[in-house]
Amino acid sequence: MSGSTCRLRDLVFACEQRAQAYDLPAWLRAYPLARCAAFRFTRDPYYARLAALVELLGAKQVMEFGTEEGGSALALCMAGAQVLTYDLDPAPLRRSRLGLLEAEDRLLPLQLAAPEAMLQVSLQGVDLIFVDIDHSGVWEAAFHRKCQAEYTGIVAWDDVQLNRGMRTFWATVTEPKVTLTWHFSGFGLVQYGSQRTATWAAGAPALLPRAD
Ligand SMILES: C[S@@+](CC[C@H](N)C(=O)[O-])C[C@H]1O[C@@H](n2cnc3c(N)ncnc32)[C@H](O)[C@@H]1O
């Protein structure tokens with residue numbers, strides 16, 4: 001196992017530990033949208049682990065592809081990062097009423113005109129990328145090539161074991177990576193570019209609910 005893969009495994013372990021301190025439902029109670037039924041699934045430890053990943057990487061700017069109702073975007077926001085989240089269809093997010101976080105500039109939803117537009121987005125200044133799109137494996141593979149060419153940092157890929165297309169895409173990834181069961185359909189972390197030297201120690205909790 002390469003040194004980078006060991007470091008990813010250390011990161012995974014630290015996230016799993018740290019996630020136990022996260023209480024997404026409690027955090028959401030500080031927001032009126034907590035009453036929105038769409039967020040019942042924030043009880044899934046998967047979302048707390050996403051939040052812990054942001055915290056432990058010290059990520060300030062997170063980019064997400066695949067917003068849908070905003071469940072994962074919300075988790076990525078929780079540790080204090082600003083989340084730019086892209087989708088082809090803005091309707092599910094609009095329905096889920098995440099406007100409150102938008103107003104705080106924590107969540108910046110952006111619409112892509114077509115799947116290939118994700119290949120034109122600048123990754124400059126982005127500390128962490130999360131990809132959870134159509135799971136064909138086709139656009140995932142194309143975006144992976146973009147990351148190989150222009151990104152240094154960690155990309156989190158959801159559903160890497162979901163179907164044949166995703167498994168095929170995942171098998172082509174030769175960068176340091178870990179395959180996890182954070183999600184039933186598989187979840188992976190890949191380190192692109194040169195390694196970071198950060199240690200994965202949790203800092204001060206960034207989980208305080210908003211004081212209204
Ligand atoms: C599985 S859902 C995302 C779920 C969300 N990440 C969560 O965990 O709450 C997938 C979303 O990806 C969007 N999508 C599909 N292809 C895309 C692309 N190329 N770029 C951005 N979003 C895409 C779909 O419209 C859909 O809303």
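Quantities reported herein were computed from a predicted structural model and do not represent experimental measurements. (Residues numbered from 1 in each chain as written. Predicted model: local features only at pLDDT ≥ 70, side-chain atom pairs only at ≥ 80, totals over all residues.)

Each helix and strand in the protein was counted, giving eight helices and seven strands. Looking at the protein residue by residue over its 212 residues, the buried ones come to 41%. Residue pairs in contact within the protein that sit at least 24 positions apart in sequence constitute 72% of those at least 6 positions apart. (Helix = DSSP H or I, 4+ residues; strand = E, 2+ residues; numbered from the N terminus. Buried ≥ 20, exposed ≤ 12 C-beta atoms within 10 Å, placed from the backbone. Contact = placed C-beta atoms within 7 Å.)

The next point concerns the pairing of strand β4 (residues 128–131). Going residue by residue along β4, you find L128 and F130 tucked away on one face and I129 and V131 tucked away on the opposite face as well. Bridge count for β4 against strand β5 (residues 153–158) is four bridges, and the pairing is parallel. Within the sheet, the bridge partner assigned to F130 lies in β5 and is A156. After leaving β4, the chain enters helix α7 (residues 138–150) and then returns to the sheet as β5, a path that is right-handed. (Pairing = 2+ DSSP bridges. Right-handed = clockwise from strand over helix to strand, strands pointing away.)

With that settled, the discussion passes to the site of the ligand. For the ligand, the set of nearby residues contains 18 residues, the closest of which are G66, E68, G71, S72 and P115. Elements with a contribution of two residues or more to the shell around the ligand: α4 (71–78) and β2 (82–87). (Near = placed C-beta within 6 Å.)

A few words on helix α3 (residues 45–57). Its 13 residues place the ends of α3 18 Å apart at the C-alpha level, agreeing with the 18 Å of an ideal helix rising 1.5 Å per residue. Next to the buried residues of α3 lie α1 (3–18), α2 (24–28), β1 (61–65), α4, β4 and β5. Immediately downstream of α3, the backbone of G58 shows phi near 65 degrees, a positive value. (Expected span 1.5 Å × (residues − 1).)

Moving on: the nonpolar core. Counting 57 residues, the largest nonpolar core has A51, V54 and L76 as its most contacted members. Among residues more than four places away in sequence, those in contact with A51 are Y22, A75, L76, M78 and A79. (Core = buried A, V, L, I, M, F, W, Y, C linked by C-beta atoms within 7 Å.)

Bringing unusual backbone geometry into the picture now. Even without being a glycine, E68 presents a positive backbone phi close to 50 degrees. Along the chain, E68 turns up in the loop between β1 and α4. For E68, a count of 17 C-beta atoms within 10 Å corresponds to the partly exposed category. Here the phi dihedral of H135 falls at roughly 65 degrees; this positive angle occurs in a residue that is not glycine. Looking at the secondary structure, you find H135 in the loop between β4 and α7.

Along helix α8 (residues 164–171), the residues that are buried comprise M166, F169 and W170. Here the buried residues of α8 occupy an arc of 95 degrees about the axis, which is enough to place them on one side. Opposite the buried face of α8, by more than 90 degrees, sit the exposed residues R164 and A171. (Arc of directions from axis to C-beta.)

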